[in-house]
Amino acid sequence: SKADSILKSQLGDTLFSFIKYDKDTYYEYKSIWGKTKWERLNKCEKTKGKFVSVDVRWFVEIPFPNCPEFDSIKGRTSIRLDSLLRPIEKPYLDFIPDIYWSKKRCNLISKETAIQIAKSQKLKQGIEPLSGKLEYDIKVKSFIWEISNYLTRMQIINGSNSGQVEIVKIDANTSEIKNHDIYLYGPIP
């Protein structure tokens, strides 16, 4: 499709092989009464009414072997095309770290190191061992370890857990503590 070829030109053949069409793709059309409507677009399907635009979406999961701590990049991208199938905007690719494009090896601190840094912050007594997850912060274009210390947990009516969690956010490149605070999690009873 036109959208596939536009995305392929942005990503290249190799990266394009790691995308999968998202069935949450919608098109806009005008009915015979002039009302604007949106409908899900199934690949290879004819559209209704007067075609106005389409928002084609894909799931992206790219292996990232240059970064053992963050071994795959996951996200969603989309392209909006007008009634003549011209791009309205560039595909959204901000979730792909700059270091991926430069092909350099990332040097991030390990999960174990991040947990040790968090422990040095005089954490409160938790109810289970510390856990950690590594995320790419699109706004600051940096990897952040989020170390969680669950302080309380109670099960509420629908089986969901809720309580307090102490979170320490650590820059995975510099080991700098970005935030240390206590939050509520889960539905509030």
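Quick notes on the rules
Residues numbered from 1 in each chain as written. Predicted model: local features only at pLDDT ≥ 70, side-chain atom pairs only at ≥ 80, totals over all residues. Heavy atoms only, no water. Helix = DSSP H or I, 4+ residues; strand = E, 2+ residues; numbered from the N terminus. Expected span 1.5 Å × (residues − 1). Bend = angle between axes of the 7 residues up to and from the residue. Contact = heavy atoms within 4.5 Å. Buried < 20%, exposed > 50% of the residue type's maximum accessible area, 1.4 Å probe, protein only. Pairing = 2+ DSSP bridges. Salt bridge = Lys/Arg side-chain N within 4 Å of Asp/Glu carboxyl O. Arc of directions from axis to C-beta. Phe/Tyr/Trp six-rings, centres within 6.5 Å; stacked < 30°, edge-to-face > 60°. Lys NZ or Arg CZ within 6 Å of the ring centre and 35° of its normal.

J.: Help me understand helix 1 (residues 2-16) in this model?
T.: Since one α-helical turn is 3.6 residues long, residues separated by three or four positions face the same way. Over its 15 residues, helix 1 runs only 14 Å from end to end, short of the ideal 21 Å by more than 12%, given 1.5 Å per residue. Along helix 1, the helix axis deviates most sharply at Q10, where the bend reaches about 85 degrees. In this structure, the buried side of helix 1 is in contact with strand 1 (19-21), strand 4 (50-63), strand 5 (72-81) and helix 2 (98-102).

J.: Would you mind going over the pairing of strand 7 (residues 142-150) with me for this structure?
T.: Remember that side chains alternate between the two faces of the sheet whenever the strand is regular. Burial within strand 7 is extensive, with eight of its nine residues counted as buried. Here strand 6 (residues 131-137) runs beside strand 7; their pairing, made up of seven bridges, is antiparallel. Its bridge partner lying in strand 7, K133 is registered against E146. In sequence, strand 6 turns back onto strand 7 through a hairpin of four residues, with K141 there showing a positive phi of about 55 degrees. Sheet topology note: the strand 7/strand 9 (residues 161-171) ladder contains seven bridges and is antiparallel. Of the residues in strand 9, the one forming a bridge with E146 is K169.

J.: How should the pattern of salt bridges be read in this particular structure?
T.: It is possible for side chains of opposite charge to pair when their charged atoms get near one another. The tally for this structure, following the rule as stated, stands at 13 salt bridges. In this structure, R153 engages E128 in a salt bridge whose closest nitrogen and oxygen atoms are separated by 3.0 Å. You can see R153 sitting in the loop between strand 7 and strand 8 (154-155) and its partner E128 sitting in the loop between helix 3 (111-119) and strand 6, a full 25 residues away along the chain. When its relative accessible area of 31% is taken as the criterion, E128 is described as partly exposed. One salt-bridge network, held together by shared partners, links K133, E135, E146 and K169.

J.: Hey, could you run me through helix 3 in this one?
T.: Within helix 3, the full set of buried residues consists of A114, I115, I117 and A118. Looking down the long axis of helix 3, one finds its buried residues gathered within 160 degrees of arc, a one-sided arrangement. Turning to helix 3, the residues buried within the fold contact strand 7, strand 9 and strand 10 (177-185).

J.: Would you explain the packing of aromatic side chains in this entry?
T.: Two measures describe an aromatic ring pair: the distance that separates the ring centres and the angle between the ring planes. The tally for this structure, following the rule as stated, stands at eight aromatic pairs. The interplanar angle of 35 degrees and the centroid separation of 6.0 Å between the aromatic rings of Y92 and F95 together place this pair among those described as tilted. Using a relative accessible area of 35% as the deciding quantity, one classes Y92 as partly exposed. Their ring planes at 85 degrees and their centres at 5.6 Å tell us that Y100 and W101 sit as a pair that is edge-to-face. Under the relative-accessibility criterion, W101 is labelled partly exposed at 37%. Through a chain of ring-to-ring contacts, three or more aromatic side chains come together here, namely Y27, Y29 and F51. The ring of Y100 carries K103 above its face, with NZ or CZ at 4.9 Å from the centroid. Over the face of the ring belonging to Y150 we find R153, whose NZ or CZ atom lies 5.3 Å from the ring centre.

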